[in-house]
Structure formats: C-alpha cells, structure tokens
Amino acid sequence: MLPAVMHRNEEKVRKGFWKKLLKVAGRIPFSEEAGAAYYCVRDPATPVRVKAILLAALAYFVTPADLIPDVVAGFGFTDDATVLMAAMGLVSSHIKPTHRRHAREALHMPPREDLEEEG
C-alpha cells in the first residue's frame, strides 16, 4: 500500500473510529473484532503490511459513504463486517489476546478467561 494512502487511512481511523464504534457497538456483532484490529494497528510490534491491511478495513468502517449505507436497517453493516473479517482473516496471526482484551475493556465488555493467559 502506498504510504500516502496508509497515512490517509490512519487519519480517518484516528479521527473517527472510536466515535463511530461506541455509537454503534450495541447494534453490530463485530465490535470486539473491530476494537482488536484497532489495537493491533496501534501495537508497535505489528508489521507495516498488517497495519496497512487493517487500516484499510477500519477506514472503510469509519467512512459513512460505503457500498451499503449504515442506515439501511438490517443490512447497513454487512459490508463493513465483510471487509473487516476478510482483513482479519488475512492477518489473524497478528491479532493477539492483548489486543482483544484491550478492545473488550474499551467497549466495557466483561473479561474473557481465555484472554487472561497472555500478559
């Protein structure tokens, strides 16, 4: 991915990710995954190519004008979920339990025992 595109995606995510996620978290089944992707991007140990893939998916989620508008009842977030799950599938080995734990904490979700093993 071109550095300019990655930078633009990073700015979109930085400015709008948490605002949008917290607004819609109760209506989407993939909020924990989106949060984990965000924390993976913020992790200095994450390779640049992985960050680029996740930033593209997160920027798509943040962007209000997408393939299926988010306001379409029942279908508005299906394209966002598809893009995010595809991106996470490509880089799943880089999504660590700590990223998921931080996401759950930020979303005020109860802790999961399977995420407590890694420090």
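In what follows, the structure referred to is the one given above.
Quick look at the structure, then. Keep in mind that this is a model prediction, so the values were computed, not measured.

It is the contact of helix α1 (residues 3-24) with helix α3 (residues 48-62), at a shortest axis distance of 8 Å, that shows an interaxial angle of 50°. When the axis of α1 is compared with that of α3, the two are oblique. For α1 against α3, the interelement crossing comes out left-handed. Residues Met6, Asn9, Glu10, Lys12, Val13, Gly16, Phe17, Lys20, Leu21 and Val24 of α1 pack against Val48, Lys51, Ala52, Leu55, Ala56, Leu58, Ala59, Phe61 and Val62 of α3.

On to the nonpolar core, then. Of all hydrophobic cores here, the largest spans 33 residues; its most connected members are Phe17, Leu21, Phe30, Leu54, Leu58, Phe61 and Leu84. Tallying contributions element by element places α3 first for this core, with nine residues. Not counting residues up to four positions away in its chain, the partners in contact with Leu21 are Ile28, Ser31, Ala34, Gly35, Phe61 and Leu107.

Per the stated rule, a full pass over the model turns up three salt bridges. One salt-bridge network, held together by shared partners, links Glu32, Arg104 and Arg112.

This brings us to unusual backbone geometry. Generally, phi is negative for residues other than glycine and the peptide bonds are trans, each holding for most cases. Look at His108: it is not a glycine, yet its phi comes out positive at around 55°. Position of His108 relative to the elements: it lies in the segment after α5 (97-106). When its relative accessible area of 73% is taken as the criterion, His108 is described as exposed.

Once that is clear, we can look at the environment of Ser93. Along the polypeptide, Ser93 turns up in the loop between α4 (78-91) and α5. Sequence-wise, Ser93 and Val50 are 43 residues apart; in three dimensions their C-alpha atoms are separated by 10.0 Å.

Moving on to α5. What sets the pattern is the α-helix's 3.6 residues per turn: residues three or four places apart point alike. Of the residues making up α5, those classed as buried are Thr98, His99, Arg101, Ala103 and Arg104. Tucked into the core, α5 has its buried residues touching α2 (31-42). His108, located one to two residues past α5, shows a positive phi value of around 55°.

So, on to α3. Over its 15 residues, α3 extends 20 Å from the first C-alpha to the last, a length consistent with the 21 Å expected when each residue adds 1.5 Å. Turning to α3, its buried residues are Val50, Lys51, Ala52, Leu54, Leu55, Ala57, Leu58, Ala59, Phe61 and Val62. Residues of α3 that are buried make contact with α1, α2 and α4.

Quick notes on the rules
Residues numbered from 1 in each chain as written. Predicted model: local features only at pLDDT ≥ 70, side-chain atom pairs only at ≥ 80, totals over all residues. Heavy atoms only, no water. Axes fitted to C-alpha atoms, helices over the stretch in contact; angles between N-to-C directions. Helix = DSSP H or I, 4+ residues; strand = E, 2+ residues; numbered from the N terminus. Parallel < 35°, antiparallel > 145°, perpendicular 65-115°, else oblique. Left-handed = near helix turned anticlockwise from the far one by under 90°. Contact = heavy atoms within 4.5 Å. Core = buried A, V, L, I, M, F, W, Y, C linked by side-chain atoms within 4.5 Å. Buried < 20%, exposed > 50% of the residue type's maximum accessible area, 1.4 Å probe, protein only. Salt bridge = Lys/Arg side-chain N within 4 Å of Asp/Glu carboxyl O. Expected span 1.5 Å × (residues − 1).

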